[in-house]
Amino acid sequence: MMSQTLQIIVLVLACFTSSCSKATIPMGSGNSSNIEVNYQYDGDTVRINFMNKSEVEAYSLFTSYFNPLYTKSKYLFRYDPSKESIKHSFLPLVNYINTVPTDKRIITDEALFNEHQVIYKFEVIKPGERFSLAFHKDALCEKSREKMILDFNPNDITWSEIQKSKSAVEMNNKMILEFAIYKDTSVLMTKGEEYRNPKEFKEKAKSYEVVTLPIVCN
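Keep in mind that what you see is a predicted model, and the values were worked out from it rather than measured.

Explanation requested: the pairing of strand 7 (residues 85-89) in the structure shown.
Successive residues of a regular strand alternate their side chains across the two faces of the sheet. With five of five residues buried, strand 7 lies mostly within the body of the structure. Because side chains alternate across strand 7, one face comprises the buried residues Ser-85, Lys-87 and Ser-89, and the other comprises Ile-86 and His-88, equally buried. Strand direction decides the pairing type here: strand 6 (residues 77-80) and strand 7, joined by four bridges, are antiparallel. For Phe-77, the partnering residue across the bridge sits in strand 7 and is His-88. In textbook terms, the turn of a hairpin is the stretch between consecutive antiparallel strands, and for strand 6 and strand 7 this stretch comprises four residues, one of which, Glu-84, has a positive phi near 50 degrees. By the bridge criterion, three bridges tie strand 7 to strand 15 (residues 174-182) in an arrangement that is parallel. Each residue of the ladder has a partner; that of Ser-89, found in strand 15, is Glu-178.

Here it is as structure tokens:
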């Protein structure tokens, strides 16, 4: 049996708890390079599992917004009126993520739209490995918000373009989670590269695959 490696990271914030584990898993018979994702409930915890089914390719999960300062930000909860769906999106706001943080920290939701508050962070999922996240269900499944942010393209959005819905949005028991998967993060992890080569940096920042996971909130 293949040996397993377990890594736990615990982050606590009021009604949010995040723990991360990574374990080596046996490979199946296929050669798919895709990331498979699923979820399961464990009491009040929602565990999300990312599985790299490739035998050769490593992938990187964008994790900057898993910081408990950002996870419950109102700008990550968005409403799509055309589909009448609610999403909790962890896709990068590429105009506002840097490689070097500032010493002056902002602890409000608006930190996501200020330079040098959020830096690029990733979890590398090697071939045949699994990475798991565990959220308290209250962090993903809220009952209502007086005004919800209307959905937008995270690759192009600016602070002045943010819009809120005019009336309260009643949460149902369905939520769509969005995650960003990268193949190459070398440019994004090089300090100061956003200033030395801004065009290439922006192109690399946008070169992710969107992984969506519909969940049912208990």
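Explanation requested: the pattern of salt bridges in the structure shown.
It is possible for side chains bearing opposite charge to pair when their charged atoms get close. By the definition in use, this model includes eight salt bridges. Notably, a salt bridge pairs Arg-78 with Asp-151, separated by 3.2 Å at the nearest N-O pair. You can see Arg-78 sitting in strand 6 and its partner Asp-151 sitting in the loop between strand 13 (149-150) and strand 14 (169-170), a full 73 residues away along the chain. The exposure class of Asp-151 is partly exposed, given its relative accessible area of 28%. Of the charged contacts in the structure, one is a salt bridge between Lys-204 and Asp-184, with a shortest N-O distance of 3.7 Å. Linking Lys-204 in helix 3 (residues 198-205) with Asp-184 in the loop between strand 15 and helix 2 (193-196), this pair joins segments that are 20 residues apart in sequence. By relative accessible area, Asp-184 is classed as partly exposed at 35%. Linked by salt bridges that have partners in common, Arg-78, Lys-87, Asp-151 and Glu-178 make up one network.

Rules and cut-offs
- Residues numbered from 1 in each chain as written.
- Predicted model: local features only at pLDDT ≥ 70, side-chain atom pairs only at ≥ 80, totals over all residues.
- Heavy atoms only, no water.
- Buried < 20%, exposed > 50% of the residue type's maximum accessible area, 1.4 Å probe, protein only.
- Helix = DSSP H or I, 4+ residues; strand = E, 2+ residues; numbered from the N terminus.
- Pairing = 2+ DSSP bridges.
- Salt bridge = Lys/Arg side-chain N within 4 Å of Asp/Glu carboxyl O.

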